[in-house]
Amino acid sequence: MGSNWKAGQEFRPPPDWKAGFEFSGNGSRGGEAGDFSDFFESLYGGDFGATGSGHRDRSAFHARGADHHAKVLIDLEDSYTGATRIITLQTPEVDAQGRVSMRERKLNVTIPRGIRTGQHIRLSGQGMPGVGQGTPGDLYLEIGFHPHAHYRVEQRDVYLDLPAAPWEAALGATVTVPTPNGMVELKLPAGSVAGGKLRLKGRGIPGSTPGDFYAVLQIVLPPTDSESAKAFYQHMAEQFKSFNPRARLGV
């Protein structure tokens, strides 16, 4: 193999490089049945698959097709409710002249409720065709979530950055909060601070042990886009002259 046989071991593909594409799970070339016969002959000699007349009988070789793998992205809400989706994949295909082209495959896939990113859905018999009377391989779909405008996911837990006005955080309030499976009313305790987490137990991704939903408080200031708003902030500065927001930094 030469002195540089280890070259390329440090290759790291970019994120989601294989999303939407099938690839074989066993490293086989996926060629014609004759390739398999030639391979086994190299191991077991020229009599492999031979008939009584001394000629090779390629039809006597049977092998299960290779498993294929693909990564697909679903909506977070699909994990909460379960869904049926049409998945489009690009599959490499070799024609009779040996030319490789990409063929589009559409599969109707059932998304089970509670599935998480990184888990797999197995589609029996949807992999590479078998050789001879061999059964086809399976197709494994690795699940990922589309980036969401509001939520982020960690294992089974779901997080939302929840905006709140300064007076809501200071005085307490009941606010409406969106979750992937509907709106809920959430009570903000008086004296809440930015970065504080409010937990809704069991409102994360469903399962035998469901995840939790966390609202992470973000304080949003009203804009100073009018003279009256500026006067209000000036009045507040005078009211809280002794307040030092950087006291814990020692300044």
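Remember, predicted model here, so these are calculated numbers, not experimental data.

Cut-offs used in this document
Residues numbered from 1 in each chain as written. Predicted model: local features only at pLDDT ≥ 70, side-chain atom pairs only at ≥ 80, totals over all residues. Heavy atoms only, no water. Helix = DSSP H or I, 4+ residues; strand = E, 2+ residues; numbered from the N terminus. Contact = heavy atoms within 4.5 Å. Areas by Shrake-Rupley, 256 points an atom, 1.4 Å probe, with all protein chains shown as cover. pLDDT = per-residue confidence, 0-100. Buried < 20%, exposed > 50% of the residue type's maximum accessible area, 1.4 Å probe, protein only. Pairing = 2+ DSSP bridges. Axes fitted to C-alpha atoms, helices over the stretch in contact; angles between N-to-C directions. Phe/Tyr/Trp six-rings, centres within 6.5 Å; stacked < 30°, edge-to-face > 60°.

> Describe the overall build of the protein chain, and please don't skip the residues or the numbers.
A count of helical and extended segments in the protein chain gives 4 helices and 12 strands. Relative to all contacts within the protein chain whose residues are 6 or more apart in sequence, the contacts with residues 24 or more apart total 55%. Of the roughly 16600 Å² of accessible surface on the protein chain, 53% is carried by carbon and sulfur atoms.

> Quick one: what's the story with the confidence of the model for the protein chain, residue by residue and with numbers?
Here the protein chain shows a mean pLDDT of 81. Residues at 70 or above account for 76%. Residue range residues 23–37 is modelled with pLDDT below 50. Its contacts to residues more than four positions away, or to other chains, number 22 contacts. Within the model, pLDDT remains below 50 along residues 39–51, and this stretch shows 16 contacts once partners closer than five positions in the same chain are excluded.

> Report on unusual backbone geometry, specifying residues and quantitative values.
Even without being a glycine, Gln155 presents a positive backbone phi close to 55°. Residue placement: Gln155 occurs in the loop between strand S7 (151–154) and strand S8 (157–164). Accessibility expressed as a relative area gives 62% for Gln155, which makes it exposed.

> Which residues make up the sheet that holds strand S11 (residues 197–200), and what values go with them?
Ordered in space as S7-S8-S12-S11, the 4 strands form an open sheet in which the pairing is mixed. Since the sheet does not close on itself, it has two edges, and those belong to S7 and S11, each with one partner. This sheet shows a mean twist of 30° between the axes of neighbouring strands, independent of strand direction. Here S7 pairs with S8 via 4 bridges, running antiparallel. Bridge pairing in S8 places Arg152 opposite Tyr159.

> Talk me through the packing of aromatic side chains; I want residue IDs and the actual numbers.
Considering all chains together, one arrives at 3 aromatic pairs under this definition. Ring centres 6.1 Å apart and planes at 70° place the aromatic pair Tyr151 and Phe213 in the edge-to-face group. Here the residue Tyr151 occupies a position in strand S7, and Phe213 occupies one in strand S12 (residues 213–219), the gap between them amounting to 62 residues. Considered together, Tyr151 and Phe213 belong to a single accessibility category, that of buried residues. Note on Tyr159 and Tyr214: the rings are 5.0 Å apart at their centroids and 15° apart in plane angle, and the pair reads as stacked. Of this pair, Tyr159 sits in strand S8 while Tyr214 sits in strand S12; the two residues are 55 residues apart in sequence, bridging distant segments of the chain.

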